[in-house]
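# Inside the fold
So the chains spell out like this:
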Amino acid sequence: MRITYIDFDGVIFQNKEAANRVGTRCSQFFNKTVGIDNEKYQGSISNKMYQTFGHTVYALKKLGYEACSDQFNTHVYKNVDPKKLVGDVDDNTRKTMKEWYNVMTELDNVLIYTDAPHDWIKMVNETYSLELPDHVRVISSQDLGYYKCQWEAYTMLPGGVLIDDSLRNISTASEYETWKPVIFGQGLHSFTGDKVSMISSPNQVIALN
Ligand SMILES: [Mg+2]
């Protein structure tokens, strides 16, 4: 059975406040490294770089900075009280996560991916008192030495069904025969196309396999 890759941030864990808090800390690390202290530009430059390159550390390397992912992880994820980063348990977020984890028990070969270190997923699950099904594996883009070239991931990994909320990731994957990209978004009409499909609820994944 082919692998089903599911994006953690924005698909399984759909909490915008937590995403904003992580984003703010990524910006801080970027600004500190580059030396941007003019408040006017602090958010806009780092956001643009993140959107263009897909990861703060990768963006910094592209600019010629000696950006170390350990320092980045420490600043963004470790030097902070998990409660302040993940936030309080939100019932809607928890419901969606639970639905995903239930659906995963029906799939033999599931891999969750994140740009964050593995501890991030652990931190979120602990806050929400949820557990990944035993057979589910986790991969971080950091495991792949991702920073050399973002789209290399699609040639380094065996292909499969890719469920993501980012159009950039979906369009990159759609260039490779072995990948079946699926856009996930609540409120989307479900659609199955030759290249790209769309779903709006976790249980629709079963029909894609
Ligand atoms: Mg995402």
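Just so it is clear, the structure is predicted and the values come from calculations on it, not from any experiment. (Residues numbered from 1 in each chain as written. Predicted model: local features only at pLDDT ≥ 70, side-chain atom pairs only at ≥ 80, totals over all residues.)

Ile-6, Phe-8, Ile-12, Ile-112, Leu-162, Ile-163 and Val-182 are the most contacted members of the largest nonpolar core, which totals 30 residues. Only β1 (3-7), α5 (82-86), α6 (91-104), β2 (110-114), α7 (118-127), β4 (160-164), α9 (167-173) and β5 (179-184) provide two or more residues apiece to this core. Split by domain, this core shows at least three residues from each of two domains, domain 1 (3-14 + 89-208) and domain 2 (17-86). Residues within four places of Ile-112 in sequence aside, it is in contact with Ile-6, Phe-8, Ile-12, Ile-121, Val-136 and Val-138. In this structure, Phe-29, Phe-30, Met-49 and Leu-60 belong to the second largest nonpolar core, which totals 11 residues. (Core = buried A, V, L, I, M, F, W, Y, C linked by C-beta atoms within 7 Å. Buried ≥ 20, exposed ≤ 12 C-beta atoms within 10 Å, placed from the backbone. Helix = DSSP H or I, 4+ residues; strand = E, 2+ residues; numbered from the N terminus. Domains from an automatic or database assignment. Contact = placed C-beta atoms within 7 Å.)

In this fold, Ala-173 is placed in helix α9. Put simply, Ala-173 and Leu-162 are 11 residues apart on the chain and 7.9 Å apart in space, counted from C-alpha to C-alpha. Every residue in contact with Ala-173, bar those within four places of it in the chain, is listed here: Tyr-154, Leu-162, Trp-179 and Pro-181.

Let us now look at the environment of Ser-27. Position of Ser-27 relative to the elements: it lies in helix α1 (residues 16-34). On the basis of neighbour count, Ser-27 is assigned to the buried category, with 21 C-beta atoms found within 10 Å. Taking the C-alpha atoms as reference, Ser-27 lies 29 Å from Leu-130; in sequence the two are 103 residues apart. Beyond its immediate sequence surroundings of up to four residues, Ser-27 is in contact with Gln-42, Gly-43 and Ser-46.

Turning next to the domain arrangement of the protein chain. Domain annotation for the protein chain reports domain 1 (3-14 + 89-208) and domain 2 (17-86). Of note, the centres of domain 1 and domain 2, computed from C-alpha atoms alone, are 23 Å apart. Across the boundary between the two partners, domain 1 contributes 14 residues, which contact 12 residues of domain 2. Here the side of domain 1 that touches domain 2 is composed, by residue class, of seven nonpolar, four polar and three charged. (Nonpolar A, V, L, I, M, F, W, Y, C, P; charged D, E, K, R; others polar.)

With that settled, consider the pairing of β1. For β1, the buried fraction is high: four of the five residues fall into the buried class. Sheet analysis places β1 next to β4, joined by four bridges and oriented parallel. In the strand pairing of β4, Ile-6 is matched with Ile-163. Here β1 runs beside β2; their pairing, made up of four bridges, is parallel. Counterpart to Ile-6 in the pairing with β2 is Ile-112. (Pairing = 2+ DSSP bridges.)

Okay, the pairing of β2 next. Within a regular strand, side chains alternate between the sheet's two faces. One ladder, built from four bridges, connects β2 with strand β3 (residues 137-140); its direction is parallel. Following the sheet pairing, Tyr-113 is matched in β3 by Ile-139. Since β2 and β3 lie parallel, the crossover through α7 that links them has a hand, and here it is right-handed. (Right-handed = clockwise from strand over helix to strand, strands pointing away.)

Here we take up the confidence of the model for the protein chain. Summing up the model confidence of the protein chain, the mean pLDDT is 90 and the portion of residues at 70 or higher is 97%. At the level of individual helices and strands, the protein chain shows its lowest average pLDDT in helix α2 (residues 39-53), which scores 78, and its highest in α6, which scores 97. (pLDDT = per-residue confidence, 0-100.)

All right, on to the environment of Asp-9 then. Take Asp-9: it is sitting in the loop between β1 and α1. Residues Asp-9 and Lys-78, spaced 69 residues apart in sequence, show a C-alpha to C-alpha distance of 18 Å.

What follows concerns the packing of α1 against helix α4 (residues 69-78). Where α1 meets α4, the closest approach of the two axes is 9 Å, and the angle between their N-to-C directions is 140°. Viewed along their axes, α1 and α4 adopt a mutual orientation that is oblique. The handedness of the crossing between α1 and α4 is right-handed. Contacts from Val-22, Arg-25, Cys-26, Gln-28 and Phe-29 in α1 reach Phe-72, His-75 and Val-76 in α4. Classifying every residue of the contact of α1 with α4 gives five nonpolar, two polar and one charged. (Axes fitted to C-alpha atoms, helices over the stretch in contact; angles between N-to-C directions. Parallel < 35°, antiparallel > 145°, perpendicular 65-115°, else oblique. Left-handed = near helix turned anticlockwise from the far one by under 90°.)

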